[in-house]
Amino acid sequence: MPTTATVATRTDASRMDDPNWWRQASVYQIYPRSFADSNGDGIGDLNGITAKVPYLETLGIDAVWLSPFYPSALADGGYDVDDYRNVDPRLGSLEDFDRMAHALHAAGIKLIVDIVPNHSSDRHEWFREALAAPKGSAARDRYIFRDGLGENGDLPPSDWESVFGGPAWERITEPDGTPGQWYMHIFAREQPDFNWDNPEVRDDFLKTLRFWSDRGVDGFRIDVAHALTKNLEDTLPSTADLEAQGEALYLEGRHPYWDRDDVHDIYAQWRKVFNEYNPPRTAVAEAWVHADRRARYASPEGLGQAFNFDLLQADFDAAQFRGTITKNLAEADASGASSTWVFSNHDVVRHATRYGLPAAADSAGGIMAGQAGKQWLLTGGRQQDVDVELGLRRARAASLLMFALPGSAYLYQGEELGLQEVGCEIADSERQDPSFFRNKGVEIGRDGCRVPLPWTTAGSSFGFGAGGSHLPQPEWFAGSSVEAQEAKEGSTLALYRTALALRGELQAAETLEWLDTGRDDVLAFRRPNGWTCITNFGTEPAGLPDGEVLVSSSPLEAGTLPGSATAWLR
Ligand code: NOJ
């Protein structure tokens, strides 16, 4: 019989010092500017997060992942970093950061911060130096500068497109006022790509990793981890040349800037830094790479874990879920990492909305949402085109399934409230996302999942802060607020709290065994401790396996599991 002494409480050293704490962690992503605003300026801040630590503790998460909080002009929501070792004054100070880290740790919650190594902002000290320095200088060599094509160099060095649309090169004005060289930016113009062949760049990021690790940060989320190293020959291939090479270009690591093999030399060096600490600092790669090439990012000699966005891109469909789960567990096993699962983050349309659309997979990338044929958010209005009720029901079922899986579950702020994407309630003039502007409104962008959280049913900015909100909150936020959900039996918040608490208790070896349900649209699996999860992806009620029902995403109907619902049994 286990005694109470053998059960680690949240803050016990045995739990906090466990080097494997990340393997099956529930990680809650905070987009700091939209979480909680402590000083009423309409922008969320670090003191706001500190004040909400009791909320996070009650939610039952193991770690917080903080999206960038560094000084930034917000040309890309903070992913345009001016200074990697500081806090944006609008969000607080380094002292506020320390207080927040301390409060999280005191509540038994680990802290992961975002590192953005592919590009800085164009206001970064080094980039300003590069602009002021002459062509060929050491200052320019920290970034990727090239002469333009054509007689006067007025054509970009290649026809490559940036991820946010428009050219991936920007021309500068030289210090003497003449039109000059071009610099590469895979993302927005305000995000110049670093030259990772330059040792100064490599050293500076090691310094940054140590800086935050020394401040008690437990892990890092690595932004576009697959883009850092480049192979840019004198004559650059055209987009058509690259496309003609098909998938092999990616599978063989031959693309000039995506997922090149030599990027792993960087992460091997970073791993040494992570291992200087006890417990070793962890890292998770954001790497949108071919599944066959993901394992190296997740290897113990590299970053240790990598996001897979496969489930996020799947329809609410039993066969797609089962295939994705099986494949990813096998992959994680082969790499020595644990798997990662995610349905929502700051880049994609919230899953409660995706699942209410006819074809969820089409809108998985928030960056892509609103493209031709997917005008629902731009023109249709939320209530008309999204089946809100079905979307939420499926989202709850999917999340409960995710929490039963072996591996780490990554949650995005607001999904525990069942929040829907905010659509046409954000006027064009209020939008912030560069993907909206660089695509001239064709892509709606990612603002809809970044609207400040509603904490209360009424009051200024629904309790987000004492002032306004940097993105407009729709009226229906009142019913989704923490206050409303706390007052409502069976709310999504209550479901998340129950499930996360049980998850912590029930996790065992990182395996699962599929059970035969006799139906193609019903999935069931058992974890090694006799904990069973069943999801009905169809519409006809499904019989339940043996066991006591611990929690269900929708009420059972006459002892059966209704459609679009998940239950856990033991
Ligand atoms: C991925 C981040 O998640 C996204 O928000 C950002 O725009 C790009 N990387 C560029 O940093």
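Cut-off values and rules
- Residues numbered from 1 in each chain as written.
- Predicted model: local features only at pLDDT ≥ 70, side-chain atom pairs only at ≥ 80, totals over all residues.
- Heavy atoms only, no water.
- Buried < 20%, exposed > 50% of the residue type's maximum accessible area, 1.4 Å probe, protein only.
- Helix = DSSP H or I, 4+ residues; strand = E, 2+ residues; numbered from the N terminus.
- Pairing = 2+ DSSP bridges.
- Phe/Tyr/Trp six-rings, centres within 6.5 Å; stacked < 30°, edge-to-face > 60°.
- Domains from an automatic or database assignment.
- Contact = heavy atoms within 4.5 Å.
- Buried area = accessible area lost by both parts, 1.4 Å probe.
- Salt bridge = Lys/Arg side-chain N within 4 Å of Asp/Glu carboxyl O.
- Near = heavy atom within 4 Å.
- Polar contact = N/O pair within 3.5 Å; in protein donor to acceptor, adjacent residues only side chain to side chain.
- Areas by Shrake-Rupley, 256 points an atom, 1.4 Å probe, with all protein chains shown as cover.
- Nonpolar A, V, L, I, M, F, W, Y, C, P; charged D, E, K, R; others polar.

**Observations concerning the pairing of strand β16 (residues 565–569)**
Then, number 1: Of all five residues making up β16, five are buried, and the element is well covered by its neighbours.
Then, number 2: Side chains of β16 alternate between two faces, with A565, A567 and L569 and T566 and W568 buried alike.
Then, number 3: Sheet topology note: the strand β14 (residues 531–536)/β16 ladder contains five bridges and is antiparallel. The residue bridging N536 from the neighbouring strand is A565, located in β16.
Then, number 4: Where strand β15 (residues 549–552) meets β16, three bridges bridge the pair, whose relative direction is antiparallel. Residue pairing in the sheet places V551 in a bridge with W568 of β16.

**Focus: the packing of aromatic side chains**
Then, number 1: This model, assessed by the stated rule, comprises 43 aromatic pairs.
Then, number 2: Here W126 and F194 contribute two aromatic rings whose centre-to-centre distance is 6.3 Å and whose plane-to-plane angle is 90°, an arrangement assigned as edge-to-face. Within this pair, whereas W126 is found in helix α5 (residues 125–132), its partner F194 is found in the loop between β6 (179–184) and α6 (199–214), the two being separated by 68 residues in sequence. F194 shares its class with W126; the two are buried.
Then, number 3: When the centroid spacing of 6.1 Å and the interplanar angle of 55° are considered together, the rings of F145 and Y183 count as tilted. Here F145, found in strand β4 (residues 145–146), pairs with Y183, found in strand β6; they are 38 residues apart in sequence, far enough to count as distant.
Then, number 4: Overall, F145 belongs to the buried group, its relative accessible area being 12%.

**Description of the domain arrangement of the protein chain**
Then, number 1: Domain boundaries assigned for the protein chain yield domain 1 (4–119 + 198–350 + 389–498), domain 2 (125–184) and domain 3 (510–569).
Then, number 2: Spacing between the C-alpha centres of domain 1 and domain 2 amounts to 31 Å.
Then, number 3: Opposite the 24 residues of domain 1 that make contact, domain 2 presents 20 residues.
Then, number 4: Of the roughly 1,600 Å² buried between domain 1 and domain 2 on both sides combined, carbon and sulfur atoms contribute 56%.

**Focus: the pattern of salt bridges**
Then, number 1: Going through the model one piece at a time under the given rule, you end up with 34 salt bridges.
Then, number 2: Between R99 and D96 there is a salt bridge, with the nearest N and O atoms lying 2.4 Å from each other. Of this pair, R99 and D96 both sit in helix α4 (residues 94–106), three residues apart, which is roughly one turn of the helix.
Then, number 3: Each of D76, D347, D433, R446 and R450 takes part in a single network of salt bridges with overlapping partners.

**Thoughts on the site of the ligand**
Then, number 1: The environment of the ligand is formed by 13 residues, the closest being D76, H119, D223, H346 and D347.
Then, number 2: Within the side chain of D223, an N or O atom sits 2.7 Å from an oxygen atom of the ligand.
Then, number 3: The contact in question runs from an oxygen atom of the ligand to an N or O atom on the side chain of R446, over 3.0 Å.
Then, number 4: Calculation on the ligand without its partners gives an accessible area of 300 Å², and the protein chains cover 97% of this total.
Then, number 5: Residues belonging to the shell around the ligand are distributed by class as follows: three nonpolar, three polar and seven charged.

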